[in-house]
Amino acid sequence: MSSHTNTNENKIILGDQEVLKSDLLTLNMGPQHPATHGVLRVEIKTDSEIVVDAIPHLGYLHRCFEKHAENVDYRGVIPFVDRMDYLAAMSMEWGYALAVEKMLGTEVPKRAEYIRILVAELQRIASHLVFFGTYGIDLGAFTVFLYCFEDREEILRLFEELSGARMLYNYIWIGGVWNDITDDQLARVAKFVDRFEGELHKYNNLVGENKIFIGRTANVGIITREQALDYGATGPVLRGSGVKNDLRKDRTYGMYDKFEFDIPVGSGEKGTTGDCWDRYNVRIREMFESVKIIRQVLAGIEEGPVMGKVPKIIKVPAGEIYMRTECPRGELGYHLISDGGKTPYRLKVKSSCFTHVSLLPAIAPGQMVADLVASIGSIDIVLGEVDR
Amino acid sequence: METIHLKKHIEPDLTFTQWFKNVYGAVKTTAIGMGITFKYVWGRDVVTIEYPEVREELPSNSRSRLFNDAENCISCLQCAVACPVDCIYIAAVKRATDAPKIKTKDGTPIRLDLKQYTIDTALCCYCGLCTTVCPTECLTHTTDYEFASYTLAAMKYDYLAPEIRAWRTRIVKA
């Protein structure tokens, strides 16, 4: 559809009605468009308000991460890994650390495993709060953005005390975690989690149950089950389309097999399965599940060291591994190839956001421009991870 | 001539009661939302701070401006090796054998004379890897966060220069 030379001669049929013949207008949405959540340029062809075609153009945030990783030692990769999905840096680090640990055969202490799950789930909440807040802004509801960032601030403050940075933590290291968490901080997490659960119900009443919000998101940007599977969608996008798939349960890593939690799946409660509201709702329910996991961590955390035995200069034995973890935005895969040297031979990253961006041309045609904004917001992409 | 077929979700026609239910739902949910928002008008503490007047104290292990206490540095180059962006430049020469023996604060003998210790803060990614490998703990992240400058050259900190060494009394905690 993207190769029209003379746009005048097209006949456009929307649903079963023929639209009045008119010129197709090519518009650039982005790269500095607030609704694209970063530097994504979507070239849209519109017939008045109706989007006929949408082509995402990537590469504005490309930083050669994969080539960089081949030139720094295994510990030095972690700061670069942080910068992929900068809203969920803890989850990014964890996947990389797991991949290297598996190849080294390092044992991670129990306490470190607990802390990792704790920070990863807090990070999931923080990341979904950003989605929630910015999605509100996309649809014209500014209030909830401020509420969400107030709660996120508490999580970031804890991470700052743990690691020293607010977003790019470099906290999960190969073999464990950098700093130990104090009892005082654990008590603060417990207090936060108790308060947050009530607040989240409140926010959901404010936005998710609102009739106008439902009107803007239900039956909009529908990704069918087949489409989601065809395009290789993962995470909340796949679950929003009604597929029960979560790597934390299906291919468990860390200590997730010892925790009890449900996998929320979209069911088309307000419209059709796989619409924007379903994806939104899956993320909200995931936050409640994260709260559940955090409570279990706080009940079960053990005393002990937080760093396993790792050689001073890490030399990973020759071989390769593909490690998949469930990040807030979906599946993150690291394909690490080592030739036995001090640096990775190749580090290929499979990012979920990249596959989700490729869904845009499939769901955009036939939508209004304003609904396209809702669709882009609901797949929740971070361009740092798309371009790497 | 090409025909483009676009999908469209067709909403079913509303009945009379459904229409009123819709209106009722819209009014009710908006009222709930307004109720939540109005609670924030009164009885809420202010969460923002007025920055230039009120300055936030960062947590003690916050990773901000780097400081190297050059007197305790043994020029081991471990920080420069650990740095993933290679922004630490060190030059050192062997200390003369007849020179007086000096030691760092924790008793490590200094065998090399530090001639240059420069960190290009504009390149630095504040990952903290250099500070963790430092054996004498002379290279530290401080909690000083106001160091914007007009030129890139001013971001190159030469830690042997007297004006930068004078920071020690200001930003390094005991």
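Note that the coordinates shown come from a computational prediction; the quantities given were computed from them, not determined experimentally.

The rules behind each value
- Residues numbered from 1 in each chain as written.
- Chains lettered and ligands numbered in written order.
- Predicted model: local features only at pLDDT ≥ 70, side-chain atom pairs only at ≥ 80, totals over all residues.
- Helix = DSSP H or I, 4+ residues; strand = E, 2+ residues; numbered from the N terminus.
- Rg over C-alpha atoms; globule rule 2.2 N^0.38 Å.
- Buried ≥ 20, exposed ≤ 12 C-beta atoms within 10 Å, placed from the backbone.
- Contact = placed C-beta atoms within 7 Å.
- Axes fitted to C-alpha atoms, helices over the stretch in contact; angles between N-to-C directions.
- Parallel < 35°, antiparallel > 145°, perpendicular 65-115°, else oblique.
- Nonpolar A, V, L, I, M, F, W, Y, C, P; charged D, E, K, R; others polar.

Draft legend 1. Quick look at the overall build of chain B. On a plain count of helices and strands, chain B comes out with 5 helices and 6 strands. What you see in chain B, going N to C, is helices and strands ordered as β-α-β-α-β-β-α-β-β-α-α. Against the 2.2 N^0.38 benchmark of 16 Å for 174 residues, chain B shows a C-alpha radius of gyration of 30 Å, more extended than a compact globule. When the backbone C-alpha atoms are referred to their principal axes, chain B occupies close to 100 × 60 × 30 Å. Residue burial in chain B is summarised as follows: out of 174 residues, 15% are buried. Long-range contacts, defined as pairs at least 24 residues apart, comprise 75% of the intrachain contacts of chain B with a sequence gap of at least 6.

Draft legend 2. Looking closely at the overall build of chain A. When helices and strands are counted, chain A shows 15 helices and 10 strands. Against the compact-globule benchmark of 21 Å for 388 residues, chain A has a radius of gyration of 22 Å, which places it among compact chains. When its C-alpha atoms are laid out on the principal axes, chain A stretches across 70 × 50 × 35 Å. Each of the 388 residues in chain A was classed as buried or not, and the buried ones make up 50%. In chain A, of all internal contacts separated by at least 6 residues, the share reaching a separation of at least 24 is 70%.

Draft legend 3. Representation of the packing of helix α4 (residues 110-138) of chain A against helix α14 (residues 369-379) of chain A in the model. Residue and element names in this part refer to chain A. Closest axis-to-axis distance for the α4/α14 pair is 10 Å, and the angle between their directions is 175 degrees. Taken together, α4 and α14 sit at an angle that is classed as roughly antiparallel. Residues Thr134, Tyr135 and Asp138 of α4 form the contact with α14, whose own contacting residues are Val373, Ala374, Gly377 and Ser378. The residue makeup of the contact of α4 with α14, split by class, is 3 nonpolar, 3 polar and 1 charged.

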